[in-house]
Amino acid sequence: MAITGCNKWLDVKPAATTTKDELFETQKGFRDALTGAYVHMKSGNTYGGALIWGNVEYMARNWDVISASNAALNNLAAANYTDAVVRGWMDATYQDEYKVIADVNSILERIDTKKSIFTDNNYALIKGEALALRAFAHFDVLRMFGPMPDNPGTAAVLPYVKAVSKEIVVSVPFQEFAQSVLADLDEAEGLLKDVDPFIQYSIAELNPLPNSTTTPVVADNYYMYRQIRMNYHAVLALKARVYMWLAPSNSANRANAAKYAKMVVDAKDHLGVPTFRLGKTADRNAGDNTMSPEHILALSVYDLKQKAIALFLEGGSLARSDFNIQDGYYYLNNLFPVAERISDVRWVGMWGYKVTAGNTNFVMNAKYLQRETLPVLQVPLLRLSEMYLILTECAQSKAEAEGFYSIYCAEKGIPFTTGFNAASWEADRKNKMIREYVREFFAEGQTFFTYKRYNVTTLPASWTAAFYSGTTARYIVPKPDREINYHNK
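Residues numbered from 1 in each chain as written. Predicted model: local features only at pLDDT ≥ 70, side-chain atom pairs only at ≥ 80, totals over all residues. Heavy atoms only, no water.

Student: In this structure, what is going on with the overall build of the protein? I would like to understand it.
Tutor: Secondary structure summary: the protein contains 20 helices and seven strands in total. Projected onto its principal axes, the C-alpha coordinates of the protein cover approximately 65 × 55 × 50 Å. Considering the protein as a whole, with its 489 residues, one finds that 57% of them fall into the buried category. A sequence separation of at least 24 residues applies to 72% of the contacts in the protein between residues at least 6 apart. (Helix = DSSP H or I, 4+ residues; strand = E, 2+ residues; numbered from the N terminus. Buried < 20%, exposed > 50% of the residue type's maximum accessible area, 1.4 Å probe, protein only. Contact = heavy atoms within 4.5 Å.)

This is the structure:
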């Protein structure tokens with residue numbers, strides 16, 4: 001009821017100042033408003049589709065268009081952002097990101113004056129989450145609509161919005177925008193550091209099984225299920241991701257990226273057990289295809305099973321073109337070489353051809369298909385694998401890089417016995433990192449941004465059926481023709 005009521009307010013009555021004031025008279029009202037921000041994050045224009053398995057994966061050519069007559073999708077895959085339908089999709093993503101920002105700004109502009117109404121650690125938790133969500137949404141706007149990170153320039157690029165207003169917010173340059181992201185994350189880190197239940201308790205303790213008779217470790221269930229909220233560890237992981245984005249324009253940012261990634265990797269609960277662990281074969285065998293022990297931040301999607309069936313199986317539109325030339329495939333053989341994939345958890349049981357007549361040259365991915373018992377109905381936004389790849393990429397020596405990558409490969413079932421190429425180990429590392437981001441985060445919306453961060457111009461031979469041309473015209477998505485009003489509407 002709280003979620004339904006909150007969403008109704010956010011969608012229908014935001015213009016009524018009295019309603020807003022009444023909502024923020026209680027701690028529950030602030031909680032409901034924060035829940036509303038998470039609800040908006042599940043929009044099909046953002047993390048409920050387009051920025052996870054949808055449009056952004058076509059933009060990276062991870063998917064091919066099944067229907068040749070689907071002009072809009074073909075234009076999207078070709079980065080023809082001037083197409084009217086494609087333009088509408090991109091505008092909707094932009095607007096819905098700023099809708100989430102408006103939601104949390106409604107909280108942040110009132111929470112300090114209402115501090116006295118909060119009990120326990122709720123003030124710090126709610127404000128910390130709201131600040132970090134504001135940073136998260138802004139950062140993805142920057143990744144999609146902002147300049148190339150290796151050459152951002154000094155011109156104004158995008159607005160960093162910190163207040164709910166009907167006025168147009170002036171755009172700021174890349175570096176100023178990025179520093180605003182980091183400032184919000186720094187403040188969020190300070191607020192959550194000593195109070196987040198995720199630091200005090202384990203994932204298992206905060207995620208009781210259905211019908212469990214064990215007394216919950218916290219009396220207030222609002223403190224549970226922290227891995228599907230913007231928790232303290234997620235703030236650290238997001239900082240690592242942001243600093244990696246800033247590294248091409250200033251290599252000194254690599255040290256900070258590594259620092260925060262290592263903090264997540266080294267995190268332990270009160271029992272001394274690692275808070276997160278890399279996903280492995282046992283998880284895949286158990287039907288946990290998204291590797292939930294890795295989830296640092298995720299969205300709860302109650303109908304994920306139905307969505308996965310509709311999108312990824314026979315009748316779905318999300319598929320890759322391929323054909324049988326050796327060991328069943330051709331293009332996938334180049335992304336997952338036959339000799340290397342025997343035990344790779346991203347490969348085994350995860351790919352198969354459509355059998356419907358007319359679609360037999362398209363392969364499907366099983367990442368989001370659900371097991372019948374205790375399905376994992378959540379979509380990952382930050383995972384531990386990324387932290388290991390960041391540590392590998394930021395390592396200053398061949399031995400250090402091999403140390404982190406070896407841990408990752410051992411859990412994923414990837415052969416890595418001879419290390420990086422001795423003659424040109426940094427180039428070899430770069431090539432392997434790009435490939436791992438594609439294979440690891442397939443259908444999670446990270447490939448396009450990986451290519452943009454590395455400024456990838458072409459892909460290795462026969463990774464994709466259609467030729468991939470990485471240009472600034474592909475990577476810098478045009479902002480909407482009209483400005484968005486940043487008040488809740």
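Student: When you look at empty space enclosed by the protein in this model, what are you seeing that I'm missing?
Tutor: The probe, sized like a water molecule, is rolled over the atoms to show the empty space still left. For the structure shown, the criterion picks out seven cavities of 30 Å³ or more. For the largest cavity, the calculated volume is near 110 Å³. Lining the largest cavity are Phe139, Arg143, Arg241, Met244, Trp245, Glu386, Ile390, Tyr437, Gln446, Phe449, Thr450 and Arg453. Secondary structure elements with two or more residues in the lining of the largest cavity: helix H7 (122-145), helix H11 (232-246), helix H16 (384-394) and helix H19 (447-454). Grouping the amino acids of the lining of the largest cavity by side-chain chemistry returns six nonpolar, two polar and four charged. For the second largest cavity, the lining is made up of 15 residues, of which Arg284, Arg346, Lys367, Arg439 and Glu440 are closest to its centre. (1 Å grid on protein atoms, 1.4 Å probe; cavity = no way out; pocket = protein on both sides within 12 Å on 5 of 7 lines; lining within 4 Å. Points joined across faces, edges and corners; volume = space filled by probe spheres on them. Nonpolar A, V, L, I, M, F, W, Y, C, P; charged D, E, K, R; others polar.)

Student: What is the right way to read the packing of aromatic side chains from this model?
Tutor: Any aromatic ring pair is given by two values, namely how distant the centres are and how the planes are angled relative to each other. What the rule picks out here adds up to 32 aromatic pairs. Relative to tryptophan 245, the ring of phenylalanine 139 has its centre 6.2 Å away and its plane inclined at 90 degrees; by these criteria the two rings are edge-to-face. Of this pair, phenylalanine 139 sits in helix H7 while tryptophan 245 sits in helix H11, and the two are 106 residues apart along the sequence. Take phenylalanine 139: its relative accessible area is 2%, and that puts it in the buried class. (Phe/Tyr/Trp six-rings, centres within 6.5 Å; stacked < 30°, edge-to-face > 60°.)

Student: Help me out: how do you make sense of the sheet that holds strand E5 (residues 351-353) in this one?
Tutor: Sheet strands pair via backbone hydrogen bonds, and the direction of the pair is either parallel or antiparallel. Here three strands make up an open sheet; going across it, the order is E4-E6-E5 and the pairing antiparallel. Only two strands of the sheet have a single neighbouring strand rather than two, namely strand E4 (320-321) and E5. Of the pairings in the sheet, the one linking E5 to strand E6 (residues 362-365) comprises three bridges and is antiparallel in character. Each bridged residue has a counterpart across the sheet, and for tyrosine 353 the counterpart in E6 is valine 363. (Pairing = 2+ DSSP bridges.)

Student: I would appreciate a short explanation of the nonpolar core in the present structure.
Tutor: What tends to happen in soluble globular proteins is that the nonpolar side chains get buried as a cluster. Within the largest apolar cluster, 147 residues are counted, with the highest numbers of intra-cluster contacts made by Met230, Met387 and Tyr451. Element by element, the count of residues in this core is highest for H7, at 16 residues. Beyond its immediate chain neighbours, meaning those up to four positions away, tyrosine 451 contacts Ala60, Ile434, Val438, Val456, Leu459, Trp463, Tyr468 and Tyr475. (Core = buried A, V, L, I, M, F, W, Y, C linked by side-chain atoms within 4.5 Å.)

Student: Where do I start with the layout of surface pockets in this structure?
Tutor: One number sums up the size of the largest pocket: a volume of about 890 Å³. What lines the largest pocket is a set of 26 residues, and nearest its centre among them are Asn207, Leu209, Gln227, Ser292 and Gln378. For the lining of the largest pocket, the per-class residue count stands at 15 nonpolar, seven polar and four charged.

Student: Mind showing me how you'd approach the packing of H11 against helix H12 (residues 253-265) here?
Tutor: How two helices sit against one another is set out by the angle between their axes and by the gap between those axes. The N-to-C vectors of H11 and H12 enclose an angle of 155 degrees; their axes lie 8 Å apart at closest approach. For the element pair H11 / H12, the angle class is roughly antiparallel. The interaxial crossing formed by H11 with H12 has left-handed handedness. Together, Tyr232, His233, Leu236, Ala237, Lys239, Ala240, Tyr243, Met244 and Leu246 of H11 and Asn253, Arg254, Asn256, Ala257, Tyr260, Ala261, Met263 and Val264 of H12 make up the contact between the two elements. Along the lines of polarity and charge, the residues of the contact of H11 with H12 split into 12 nonpolar, three polar and two charged. (Axes fitted to C-alpha atoms, helices over the stretch in contact; angles between N-to-C directions. Parallel < 35°, antiparallel > 145°, perpendicular 65-115°, else oblique. Left-handed = near helix turned anticlockwise from the far one by under 90°.)

Student: In this structure, what is going on with H16? I would like to understand it.
Tutor: Every α-helix carries 3.6 residues per turn, so stepping three or four residues along brings you back to the same face. Of all 11 residues in H16, 11 are buried; the element is thus mostly enclosed. Every buried residue of H16 is accounted for by Leu384, Ser385, Glu386, Met387, Tyr388, Leu389, Ile390, Leu391, Thr392, Glu393 and Cys394.

Student: Looking at this model, I keep getting lost on the pattern of salt bridges. Mind explaining?
Tutor: Opposite charge on two side chains allows them to pair when their charged atoms are near. For the coordinates displayed, the defined rule picks out 34 salt bridges. Salt-bridge contacts for glutamate 393 lead to arginine 254; the nearest nitrogen and oxygen are separated by 3.8 Å. Here arginine 254 lies in helix H12 and glutamate 393 lies in helix H16, a separation of 139 residues in the sequence. Its salt-bridge partner being glutamate 440, residue lysine 412 comes within 3.2 Å of it at the nearest N-O pair. Of the two residues, lysine 412 sits in helix H17 (residues 398-412) while glutamate 440 sits in helix H18 (residues 425-440), which places them 28 residues apart along the sequence. The class for lysine 412 is buried, based on a relative accessible area of 0%. (Salt bridge = Lys/Arg side-chain N within 4 Å of Asp/Glu carboxyl O.)

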